[in-house]
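Examining the three-dimensional arrangement
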Amino acid sequence: MARVLGFLVLAVILIAIAFGLGALPGQIEATIGTLTIQAPLPLVVVAFLAIVLVLYVLIRLFSLIFAAPGRLGRNRHERQLRQGDRAVTRAFAAIAAADPKAAMREAQRAKRLLPNAPLALLASAEASRLAGKPGDSEADWRALAEQPDAAFLGLRGLLRQALDAQDWTLAADLARRAELAHPGAPWLKAERARLALRTGSWAEALALAGPEAPRAVMATAAAEASTDPLQALRLAKEAFAADPALPPAALAYASRLRLGNDERRAEKVMQQAWAAYPHPDLAAFYLAPEPDPLARVKRAERLATFNPQSGESHFMMAQAALAAQLTGEARRHANDALAAGMDQRRLWLLKADIEEADAPAGGEAAGSAIREALRRISTARPDPRWRCEACGAEHAVWHPACSVCGTVGRIAWTDKTTPSTALIASTPI
Ligand SMILES: [Zn+2]
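Residues numbered from 1 in each chain as written. Predicted model: local features only at pLDDT ≥ 70, side-chain atom pairs only at ≥ 80, totals over all residues. Heavy atoms only, no water.

Section: the coordination of the zinc ion
Here is the rule we go by: Donor atoms: N, O and S within 2.8 Å of the metal, or within 3.2 Å for Na, K and Ca. Because water is excluded, sites can look incomplete. A four-donor site is classed as tetrahedral when every donor-metal-donor angle falls between 85 and 135 degrees; four donors are called square planar, and six octahedral, when trans pairs exceed 155 degrees and all remaining angles lie between 65 and 115, with any other arrangement labelled irregular. Classification of residues uses two cut-offs on accessible area relative to the type maximum, computed with a 1.4 Å probe and protein chains only: under 20% is buried, over 50% is exposed, and between them is partly exposed.
With distances of 2.2 to 2.3 Å, the protein atoms coordinating the zinc ion are Cys388 (SG), Cys391 (SG), Cys402 (SG) and Cys405 (SG). In this structure, the zinc ion is coordinated by four donor atoms arranged in tetrahedral fashion, with angles at the metal of 107 to 115°. Positions of the donor residues of the zinc ion along the chain correspond to the pattern C-x2-C-x10-C-x2-C. A relative accessible area of 35% places Cys405 in the partly exposed class.

Remarks on the pattern of salt bridges
Side chains carrying opposite charge are able to pair once their charged atoms draw close together. Stated precisely, the cut-off is as follows: Should a side-chain nitrogen of Lys or Arg be within 4 Å of a carboxyl oxygen of Asp or Glu, the pair is scored as a salt bridge. Helix numbering and strand numbering both begin at the N terminus, where a helix is a DSSP run of H or I of at least 4 residues and a strand a DSSP run of E of at least 2.
Throughout the structure, instances matching the rule amount to 28 salt bridges. Arg346 serves as the salt-bridge partner of Glu312, at 2.9 Å between the closest nitrogen and oxygen. A residue pair is termed long-range when its members are at least 10 positions apart, and Glu312 in helix H16 (residues 311–323) and Arg346 in helix H18 (residues 345–379) qualify at 34 residues. Accessibility classification places Glu312 together with Arg346 in one group, the buried group. Through salt bridges with shared partners, a single ionic network connects Arg258, Glu263, Glu267, Arg299 and Arg302.

Let's talk about the nonpolar core
Note the threshold: We define the nonpolar core as a collection of buried residues of types Ala, Val, Leu, Ile, Met, Phe, Trp, Tyr and Cys that are connected through side-chain atoms lying within 4.5 Å of one another. It only takes one pair of heavy atoms within 4.5 Å for two residues to be counted as in contact.
Judged by nonpolar contacts, the single largest core of 51 residues is most densely connected at Met218, Ala250, Val269, Met270, Leu282 and Met316. Ignoring any residue separated from it by four or fewer positions in sequence, one finds Val269 in contact with Phe240, Ala250, Tyr253, Ala254 and Leu257. If you look at the next biggest cluster of nonpolar residues, it comprises 21 residues, including Leu155, Leu159, Leu163 and Trp168.

A word on the packing of helix H13 (residues 263–276) against helix H14 (residues 280–287)
Let me state the cut-off plainly: Between N-to-C directions, angles cover 0 to 180 degrees, with each direction set by a line fitted to C-alpha atoms, over the stretch in contact for helices. Angle categories: roughly parallel below 35 degrees, roughly antiparallel above 145, roughly perpendicular from 65 to 115, and oblique for all the rest. The sense of a crossing depends on the near helix, which, turned anticlockwise from the far helix by less than a right angle, makes the crossing left-handed and, turned clockwise, makes it right-handed. Basically, the charged four are Asp, Glu, Lys and Arg, the nonpolar ten are Ala, Val, Leu, Ile, Met, Phe, Trp, Tyr, Cys and Pro, and anything else, Gly included, counts as polar.
Between H13 and H14, whose axes approach to 10 Å, the crossing angle comes to 155°. It follows that H13 is roughly antiparallel to H14 by the angle criterion. Read as a crossing pair, H13 and H14 show a hand that is left-handed. Of the residues in H14, those in contact with Glu267, Met270, Gln271, Ala273 and Trp274 of H13 are Leu282, Ala283, Phe285 and Tyr286. Along the lines of polarity and charge, the residues of the contact of H13 with H14 split into seven nonpolar, one polar and one charged.

A look at the pairing of strand E1 (residues 27–32)
So the rule is basically this: Strand pairing is assigned whenever DSSP identifies at least 2 bridges connecting the two strands.
Across the six residues that make up E1, only a small minority, zero, are buried. Inspection of the sheet shows E1 paired to strand E2 (residues 35–40) by six bridges, in the antiparallel sense. Counterpart to Thr31 in the pairing with E2 is Thr36. In this antiparallel pair of consecutive strands, E1 and E2, the connection spans two residues, and Gly33 shows a positive phi of 65°.

Shown next as structure tokens:
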């Protein structure tokens, strides 16, 4: 409408100008050499305007003819981009719909229309992954990883593949490269933490772990794995502070203190740990520096004061007393351990040993006591063991992670039997 109005206004103006020109008086005369031309002024103005118009039309025509190939190329390129974008969208829609055939078809089309475009490569890689063609996927991820802006996407895809293939070394390397490409990505942090656990890189796992992670377990394992004495001491201290009731953490810390000739602090750690969770390994560590049996009894009594009600304290004292041939004392502590609820095989075995040690003096009564103790072994509770609370596998020594089910931080000292009774003969961490 506006154009029509504009055209009408223009037409009116032109007509007005034409009338104006027609009404102009006068003649124009031009002399070129011997030739003289005379024409009325309106005719000269109209002729001039006509020449200008013809020149303008000719220039436009030439420019259109010469610019045509470029414009055609541009149009074709824009059309290709639009088609490529549509193919990418359709490929992702097919991936979301878990339709590998359509996803592959559209992704290939997108790659053809948009060669080396990150989104086309991403669609192609994901489609190949969906179609179960990891080799094709990998080629696309690699191509993506080489593009500065899309490197993280490529490395993420390669990392997922390495994780699927359980190639932990390659995965760890890719994770490090991905971290450089996009520092601090939360997804990557979680993956790196998982990888560190898988590869037993405990110090890294600890650094990446969140507050919900078993930090005492990780720090203990990291301390055991560390070759730097100062770092090992720091990690072990952190482990013990995080969980004083984890005997391996207390032992890791105290053993480093003992190595550094800080026996006083090592003993304090053991006393604190005994109060939190009395474990036979703590008693063995605490008594180790003392070779004399009678002095060991005194030492055991000192440690027992930090958890006097525990059956484990009485059991430790009974053992120490028996080793010092104080059978009366040993028997009393063994009975106290039983009264404290320790109805376990090891206690009845110890009672049998005590009665056997007393046998020459005890005569027939001692013999009957030995038989009674041995008889009770069959009905007593099993001795506590390191056992995975996740799968029930039994371990000869404590481990930060279960070698059967891979769970971290679930190996506990317990006499509870669980379905699995597989004994894992493994080396300490
Ligand atoms: Zn397990």
